[in-house]
Each structure stands twice: as structure tokens, then as C-alpha cells.
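Each chain is listed here by its residues.
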Amino acid sequence: MNTNKHLLTSLIAAAVLGSAGNAMAETTMGDVVISGYLDMSASYTEFDDASDSSTGLDRAEVRFNSQLDDKVSIEAHVAGGADEDYTLEHAMMVYQATDKLSFKAGKYLSALGWEAFHAPDLFQYSTSVALVYPAFFNGAAVTYTTDDFMIYGSLASDIWNGTDTDSSNVGAEGAFKFTGVEDLTVFLGFATSKVEPVVGDAFDQTLVNFWTSYSINSLLLAFEYNDVSDWGVEGNDGDSWLVMANYGFTDKIGLTLRTSAIELDDGTDLEKYTAAGSYVLTDNVSFVLEYNNVSDNATDTDADTVALEMIVVF
């Protein structure tokens, strides 16, 4: 019991102090497991009439996990970047009622989307222009999982705003994932929550997310389609999509090719082409070298980016 009290005190201290270093210092005891990653990069972007470059720490994250008993666990992430404060990005409790049924509550990551939120889980350096799914939000969720499928449902204070705790904007997220065929995954989900504009009446911003992936030996193929309604502004509808292929030449060397696009009624019309090679140096250190091109069809402009990324996990 003392260990649990120490952990809760540590997580509160991490949120208040806003420092990954402090969080680590406070939690090196008991049954707390500490992990995380550093994401660093150097990039150069050339526009039609200008250029831009950057080098530095993109993101650092420290994670704390503790299994309190056979059924209850807690988890928290402190994260930030070189140009932003470190905050308590994620903090939740999970109750594993049975081997198939679980509940969670707190602040956690959306279940939607093919592309991952964290750099170590991505196949390339940058995300696609098709990415429209939520990030973190405050709520409670239930998940039922078998060998063949997963059903998930969540209620949140505000699906689209992770800092909002006002229940007047309560939203919902749901998903079904099929894994009953070997190497094939099919996912269908939705998210909806009320948006209150500065001027005008509130409206429901809604996303329907579909993706599927199939693995053939060393080749992984994925397709995603998103349908959005009242996106940011009432009456602004549209869709986005991506197609991706990743091939592992060896356990250390891989190549990802991806194309993506988004088109909305407000005039947004973007296309992106990405090629990214990856190299695993050690179990903890990996590199990604990427080239991507983003075309803005609405303004007939484009941008080319070359980036080298290093990811250190611990």
C-alpha cells in the first residue's frame, strides 16, 4: 500500500512541476515501471519561394506504469518538446474485469486511426495529411476483446479538446476491429462531440474512420479512409485517405512508401507523397530518413521536405 501512495504522489508532482526529470526522480521505487523515448530530428523544407530548416528535440516522453493488483493498473505519461512545456499528457486507471472485458477512466488516447501518435510507433518521420482523428481526451471507456474481434466504446468530456472537462460538450467514440483472418485487420470507428463556436450555435463535429491492413511475409499494406462532417465549421464536410506500403528488407532495414490526401468543402485540398527508409541501430536506437512532398491544390503551391530522425527508446 505504501508503494501505491508513493506512486500517486509522484504522478501529481510530475504534473505540477512539469518536468520529466522530476518525474523520474520521484518514481524510482516499488513496483513502478519507467519507460519512454526521445525523438530528435533535423529537417529542411523548400517552398516555392522560401525555405526553412530545423534541428533539435521534437518530443520527449516519460511513462510510469504500476500494476496495483491482479485487476487494477495505473499509467501516466509526462511529455513535451524543445519549444513547449512538459505536461501530464496521459493518466488513467484500467480495471481488467475478465480476460476479455476491461474498463478505463482518466485521460487517454483515442482508439481511432491507422497512424500512431508516438514517434516510435510510426513507420515514417511525418504523419499524413489524412490524419484527422482525435488525440487525448478525458473520459471513461469499456473494451471487449476476443481472438477475432474488439468492441470499444467511450464517453468523454470533449472528444476534440483534451484540456476540456466541461461535460456540456460530452462526446462519444466507438470502434469495432476484426482480426479473425490471419494477417488481416479491419477497423471501423467513429467520434463525435459538440463544438461551440465564438459566434453562432453549437454543432456536432463528427468523424467516421475506416482502415484495414494486411501483412504478406515482410510486406505490410494499409489503407485508410476518413469521412468528416461539420469539420471546424458547421457545413464544412469532406474526406481524407491514405495508402501505405512498408517492406522490411532485413530485421534492421525497412522502406515505407505512402500517399495521402484531404479535401474539404472550405477549400482545403492537399496531397502528400512520402518515402522513408528506416534503420535499427540497436534495440534502443533507430533512424528514419524521409523525403516528402505536399501539394496544396487550392493555391497551386507545394513544399519538399528532407528529414533525418533519431529515436531513442528506454
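Here's a quick rundown of the structure. Everything numeric here is computed off the predicted structure, so don't read it as measured data.

1. Here we look at unusual backbone geometry
Here is step 1 of the chain: With a phi close to 55°, Asn 217 is a non-glycine residue in the positive phi region.
Here is step 2 of the chain: By secondary structure assignment, the location of Asn 217 is in the loop between β10 (203-216) and β11 (219-229).
Here is step 3 of the chain: Residue Asn 217 is classed as exposed on the basis of its relative accessible area, which comes to 77%.

2. Quick notes on the packing of aromatic side chains
Here is step 1 of the chain: One pass over the full model with this rule turns up nine aromatic pairs.
Here is step 2 of the chain: Pairing Phe 117 with Phe 136 gives two aromatic rings, centres 5.0 Å apart and planes at 85°, and the pair type is edge-to-face. One end of the pair, Phe 117, is in the loop between β5 (101-109) and β6 (136-145); the other, Phe 136, is in strand β6, with 19 residues separating them in the sequence.
Here is step 3 of the chain: Residue classification places Phe 136 among the buried positions, given a relative accessible area of 8%.
Here is step 4 of the chain: Between the aromatic rings of Trp 160 and Trp 231, the centroid separation amounts to 5.3 Å while the plane-to-plane angle is 80°, which identifies the pairing as edge-to-face. Of this pair, Trp 160 sits in the loop between β7 (149-156) and β8 (171-178) while Trp 231 sits in the loop between β11 and β12 (238-248), and the two are 71 residues apart along the sequence.
Here is step 5 of the chain: Looking at Trp 231, the relative accessible area reads 17%, which means it is buried.

3. Here we look at the environment of Tyr 37
Here is step 1 of the chain: Considering the arrangement of structural elements, one finds Tyr 37 in strand β1 (residues 33-46).
Here is step 2 of the chain: Residues Tyr 37 and Arg 63, 26 residues apart in the sequence, show an inter-C-alpha distance of 8.8 Å.

4. Structural notes on a negative patch on the surface
Here is step 1 of the chain: A contiguous patch of negative charge, built from Asp 227, Asp 237, Glu 263, Asp 265 and Asp 266, is present on the exposed surface.
Here is step 2 of the chain: Assignment of secondary structure puts Glu 263 in strand β13 (residues 253-264).
Here is step 3 of the chain: What makes Glu 263 partly exposed here is its relative accessible area of 48%.

5. Some thoughts on the layout of surface pockets
It is the rolling of a water-molecule-sized probe over the atoms that shows where space remains empty.
Here is step 1 of the chain: Its volume calculated, the largest pocket comes out at about 460 Å³.
Here is step 2 of the chain: In this structure, the largest pocket is lined by 21 residues; those nearest its centre are Leu 109, Ser 110, Ala 111, Leu 112 and Gly 113.
Here is step 3 of the chain: Looking at the lining of the largest pocket, the elements with two or more residues in it are β5 and β7.
Here is step 4 of the chain: Split into classes, the residues belonging to the lining of the largest pocket amount to 14 nonpolar, four polar and three charged.

The rules behind these values
- Numbering of residues starts from 1 in every chain and runs along the sequence as written.
- Note on the predicted model: pLDDT of at least 70 is required for a residue's local features to be given, and 80 or more for side-chain atom pairs to be given and counted; whole-chain, interface and lining totals, by contrast, use all residues.
- Only hydrogens and water are removed before side-chain values are computed, so all heavy atoms of the structure are retained for them.
- Going along the chain from the N terminus, every DSSP run of H or I of four or more residues is numbered as a helix, and every run of E of two or more is numbered as a strand.
- The cut-offs for exposure are 20% and 50% of the maximum accessible area for each residue type, with area from a 1.4 Å probe on protein chains only; residues under the lower value are buried, those over the upper are exposed, and the others partly exposed.
- Each aromatic pair joins two rings of Phe, Tyr and Trp (for Trp, the six-membered one) with centres within 6.5 Å, and gets the label stacked for planes under 30 degrees apart, edge-to-face for over 60, and tilted for any other angle.
- Each patch is built from salt-bridge-free residues with over 30% relative accessible area, joining like charges within 9 Å and nonpolar side chains (Val, Leu, Ile, Met, Phe, Trp, Tyr) within 5 Å.
- Accessibility throughout is a Shrake-Rupley quantity obtained with a 1.4 Å probe, and a residue counts as covered only by protein chains that appear here.
- Every case where a carboxyl oxygen of Asp or Glu lies within 4 Å of a side-chain nitrogen of Lys or Arg is listed as a salt bridge.
- Asp and Glu are treated as the negative residues and Lys and Arg as the positive ones, with His and the ends of the chain left uncounted.
- Charge positions come from single atoms, namely NZ of Lys, CZ of Arg, CG of Asp or CD of Glu.
- Think of a 1 Å grid over the protein atoms and nothing else: a 1.4 Å probe that fits but is trapped marks a cavity, an open set flanked by protein within 12 Å on at least five of seven lines marks a pocket, and residues with an atom within 4 Å of a point count as lining.
- Grid points are joined across faces, edges and corners, and a volume is the space filled by probe spheres set on the points.
- Polar here means any residue other than Ala, Val, Leu, Ile, Met, Phe, Trp, Tyr, Cys and Pro, which are nonpolar, and Asp, Glu, Lys and Arg, which are charged; Gly is therefore polar.

Functional significance is not addressed by these values, which are geometric in nature.
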